[in-house]
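Coordinate inspection notes
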Amino acid sequence: MQALSPRSTTRLGQPARGLLYTALVLGSLIMLAPFLVMVVVSLWPNQAFLERRFPLEQITLANFSETFQVIPFGRYILNNAIVAVTATVLQILISSLAAFAFARLRFWGRDSLFLIYLATLMIPSQITLIPNFLIIRALGWYDSYQALIVPALFSALGTFLLRQYFKTIPLELDEAARMDGASSLRIWWQIILPQSWPVIAVLAVFSFQATWNDFLWPLVVTSSDSMRTIPIGLSYFVGQYSTAWNLLMAGSVIALLPVLIVYFVAQKTFIQGVTLTGMGGR
Amino acid sequence: MEAMSRNPAHASLRLRRLFRWRPHQQWEAYLFILPSVLGFSVFVFAALIASLGISLTDWGLVGPKAFVGLDNYRSLLRDPVFALALGNTAFYVVTIVPLQLILGLLLALALNQGLRGRETFRMIYFLPVVTTLVAGAIVFRLLLGSNGPLADAVSAVGRLIGQPLSLPDLLGSTRYSKWAVVLLTLWKNTGFTLVVYLAALQGVPQELYDAAHVDGATSWQRLRHVTVPLISPTTFFLFILQTIGAFQLFAEPFVLTRGGPAQSSLSIVQHIYDSAFRFALMGKASAIAWFLFFFIFGFTLLQNYFQRRWVHYETE
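1. Overview of the overall build of chain B
- Check the secondary structure of chain B and you find 15 helices and 2 strands.
- On C-alpha atoms alone, chain B measures out to a radius of gyration of 26 Å, which is more than a quarter above the 20 Å that the 2.2 N^0.38 rule sets for 316 residues.
- With the C-alpha coordinates of chain B rotated into their principal frame, the extents come out at 90 × 70 × 35 Å.
- Split into buried and exposed, the 316 residues of chain B put 51% on the buried side.
- Residue pairs in contact within chain B that sit at least 24 positions apart in sequence constitute 69% of those at least 6 positions apart.
- Total accessible area on chain B is roughly 15200 Å²; 66% of this is exposed by carbon and sulfur atoms.

Okay, structure coming up:
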C-alpha cells in the first residue's frame, strides 16, 4: 500500500506515474522550445540558422551589439521602464485612495458609485480606444510619456481588489488611530497600506507586466522612435528585417529579459495573483 | 427613490444620520476618490459617450463630422470585410476557448497527482503567460515559417516512417493562417488556465474522493462526478474570461500574419484598428467597437442564463 499524498486524488501505480511524467516533460519542452530557439538563433550568425549548423566556435554576441546599432533598443527599454514603473506606482496610489474611501469611509453615493466602477469592467477597451486617442491629441500629449502613462492609471479591477482586501482589516485599528488623533490620510498611509502588502504586490507585478507588454495603446499614441516601447519597436523591426532572424531573435531576447527577471524574482506573487483574481469569479 | 420622495421625513432623517456620523468624513471621502473619479470621468465615461457619438457620424479625423444616424451600423451589416473579420474571430473563439480549457484542465489534473517537481512544471507552463507577446509571435514566425524548424521536423518524421510528409505553409496560406494564430495563443495562454484550475483542484475536499473511493467509484467516475462538478464555477469563470479574450485578439494575428494572407486571419479588433488608424474612418471603427461590445455582452448574458444547467455552486 502506498501512502496517500496530501493532494493526490488517485493512488497512482508506477507505470501511470511514468506516463504522466513523460507527458508533462514533453509539454514542458513544447513550452520551452520557442525560448530555446530564440536564444540559440540569437547567438550565431544568420548563416548558421539558414544551414541549421551551429558550430560552437562561431558563437558570438555580435547580434546583440548590431541590434542595438540598427534600432534604438536602449531608448525603447528606457521608455518601457519609465512608463511601466510610473504607471504601476501611480495606479496603485490612486486605486488605493479610492479603495480606502469605498472600504472604510461613509459618503453619499458610495455604493452606487462602486457598482458603476464594477460595471466598467464589462466594457471592452476597444470602445474607449478612439475617444482616448482623441483626448490625448486634444491635450497635446500625442507621442509623449503622458499619453502612455495617464490613461493606464485608472483601474477598476485594481480598485475592486484593494477594496475587498481593505474590508478584511479590522476597523478597530482605524478607531484606535482616530482616538490618537490620526487623520484619514495618515490611517491610509500608515495603517492600511502596510497591512495590505500581499495584494499590493500582486497588483504591482500585474500592472508592471501589463504595461511592459502592452501593444495596442502604444501603437496608437506614439509615432517617433524616441517614444516607442519595446513591443512596438520589435514589431517595426520585423517589418524592416523580416529575414534577419539572428537580429530579430537577439531583439526578442533583450525585450524578454527584464520581464522574465521580474517573473523569476516574484514568481510566487504572480501565481498568487492569478489565483486571487481567478478565484474572484467564484 | 419612490419611497424616499413619499416619505420626506424618513429621507431627511437618513440624510441627517449620514451627516452626523463623522461629518468631516463626507468631504474627506470625496477627496480620496477625486483622482480616481476624475480619471474615470475622462477616460471611461466621457470616452464611452464620445464613442457612441462618433459612431453616428461620418468623420475622417480632420474636417467636420457629418451626422449619419445608424448608417455606419447598417453598412457594416453589408460589409464583406467585417463579415470576414467576424467569421475569423468566431473561429478563434470556438477553437481557442475549448482547447485551452481542456489542455489546462488535463495539465492541472496531471500536476495535482502529488508528483515531485510540481512547482517547476507550473513555473515552466506559466512562463509564456508573462512573456512579451510580440517576442513570442516573432519566434512563431520563425518556427512555423515554410522552411522553419517545424517544417524540418515534420519532413524528418516523414523520412523516418518512409512516407513523404510536409508541413503546410501555416503562415502563408489562407486556409491555415488562423491555425497559426491558434497555436500561438494556446502556447501563450494555456499556463494561465492551468494555474487557475490547479488552485481550484486544491480546493476540492479530499474526503469527497475518499468517500467516492469507498463507494467503489473508478477514477473516471470520480473525475466525472466529483471533480468536474466541484470545479464548474472555475470552468464557468475561465470560459467567460477566455471567450472575452478571444473576441479581443489583436496583437497575435497582427504581428504573426498581419491579418493576412488576404485578410484570412484578420480579427475584429484589427479591423477596428485598420479602419481608424489606417483609413481614418472614425465613425465606422467606433461602430465596429460597439458591435464587439454587443457580442461580448450578449454572450456573457447568455452564458449567465445557461450556467444554472451546468455550474454547480456549493450551497451554504
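Having put the structure on the table, let's press on.
2. Some words on the interface of chain A and chain B
- At the junction of the two partners, chain A supplies 100 residues and chain B supplies 100 residues.
- For the pair chain A and chain B, the two sides together bury roughly 9100 Å², of which 74% comes from carbon and sulfur.
- In this assembly, chain A and chain B are joined by 1 salt bridge.
- Among the ionic pairs, Asp152 of chain B bridges to Arg52 of chain A, the shortest N-O distance being 2.5 Å.
- Summed over the shared surface of chain A and chain B, the number is 17 residue pairs in polar contact (both at pLDDT 80 or more).
- Among the residues forming the side of chain A that touches chain B, the class breakdown is 67 nonpolar, 23 polar and 10 charged.

3. Some points on the domain arrangement of chain A
Residue and element names in this part refer to chain A.
- Considered domain by domain, chain A is made up of domain 1 (14-64) and domain 2 (72-279).
- A separation of 33 Å is found between the C-alpha centroids of domain 1 and domain 2.
- Domain 1 puts 11 residues into the contact, and the matching count from domain 2 is 11 residues.
- A buried area of about 900 Å², summed over both sides, lies between domain 1 and domain 2, and 79% of it is on carbon and sulfur atoms.
- By the criterion of area lost to domain 2, the three top residues of domain 1 are Met38, Asn46 and Phe64, representing 51% of everything that side buries.
- Counting every contact that joins domain 1 to domain 2 gives 0 salt bridges.
- Linking domain 1 with domain 2 are 4 residue pairs in polar contact (both at pLDDT 80 or more).
- Counting only elements with at least two residues in the side of domain 1 that touches domain 2, the list comes to helix 1 (14-43), helix 2 (46-51) and helix 3 (62-70).
- Broken down by element, the side of domain 1 that touches domain 2 gets its largest block of residues, 5 residues, from helix 1.
- Classifying every residue of the side of domain 1 that touches domain 2 gives 8 nonpolar, 3 polar and no charged.

4. Brief notes about the packing of aromatic side chains
- Under the counting rule described, the total for this entry stands at 44 aromatic pairs over all chains.
- Taking the centre distance of 4.3 Å and the plane angle of 35° together, the rings of Tyr117 of chain A and Phe40 of chain B count as tilted. In this pair, Tyr117 of chain A is assigned in helix 5 (residues 110-120) and Phe40 of chain B in helix 3 (residues 23-55), connecting two distinct chains.
- Assessed through its relative accessible area of 2%, Phe40 of chain B is described here as buried.
- Lying across the ring of Trp59 of chain B, Lys65 of chain B places its NZ or CZ 4.2 Å from the centre.
- Directly above the ring of Phe91 of chain B sits Lys178 of chain B, whose terminal nitrogen or CZ lies 5.6 Å from the centroid.

5. Brief notes about the pattern of salt bridges
- Within the structure shown, the criterion is met by 8 salt bridges over all chains.
- Among the ionic pairs, Asp225 of chain A bridges to Arg228 of chain A, the shortest N-O distance being 3.1 Å.
- For Arg228 of chain A, a relative accessible area of 13% corresponds to the buried category.
- One salt bridge connects Asp79 of chain B with Lys284 of chain B, and the closest N-O pair in it is separated by 3.2 Å. Of this pair, Asp79 of chain B sits in the loop between helix 4 (71-77) and helix 5 (80-111) while Lys284 of chain B is found in helix 15 (residues 282-310), placing the two residues 205 residues apart along the sequence.
- By relative accessible area, which is 14% here, Asp79 of chain B ends up buried.

6. What to know about helix 13 (residues 230-240) of chain A
- A large share of helix 13 of chain A lies buried, amounting to 8 of its 11 residues.
- Taken as a whole, helix 13 of chain A has its buried residues at Ile230, Pro231, Ile232, Gly233, Leu234, Ser235, Phe237 and Val238 of chain A.
- Buried residues belonging to helix 13 of chain A abut helix 3, helix 4 (73-104), helix 11 (197-213), helix 12 (216-221) and helix 14 (245-265) of chain A together with helix 7 (133-144) of chain B.

Analysis parameters
- Residues numbered from 1 in each chain as written.
- Chains lettered and ligands numbered in written order.
- Predicted model: local features only at pLDDT ≥ 70, side-chain atom pairs only at ≥ 80, totals over all residues.
- Heavy atoms only, no water.
- Helix = DSSP H or I, 4+ residues; strand = E, 2+ residues; numbered from the N terminus.
- Rg over C-alpha atoms; globule rule 2.2 N^0.38 Å.
- Buried < 20%, exposed > 50% of the residue type's maximum accessible area, 1.4 Å probe, protein only.
- Contact = heavy atoms within 4.5 Å.
- Areas by Shrake-Rupley, 256 points an atom, 1.4 Å probe, with all protein chains shown as cover.
- Buried area = accessible area lost by both parts, 1.4 Å probe.
- Salt bridge = Lys/Arg side-chain N within 4 Å of Asp/Glu carboxyl O.
- Polar contact = N/O pair within 3.5 Å; in protein donor to acceptor, adjacent residues only side chain to side chain.
- Nonpolar A, V, L, I, M, F, W, Y, C, P; charged D, E, K, R; others polar.
- Domains from an automatic or database assignment.
- Phe/Tyr/Trp six-rings, centres within 6.5 Å; stacked < 30°, edge-to-face > 60°.
- Lys NZ or Arg CZ within 6 Å of the ring centre and 35° of its normal.

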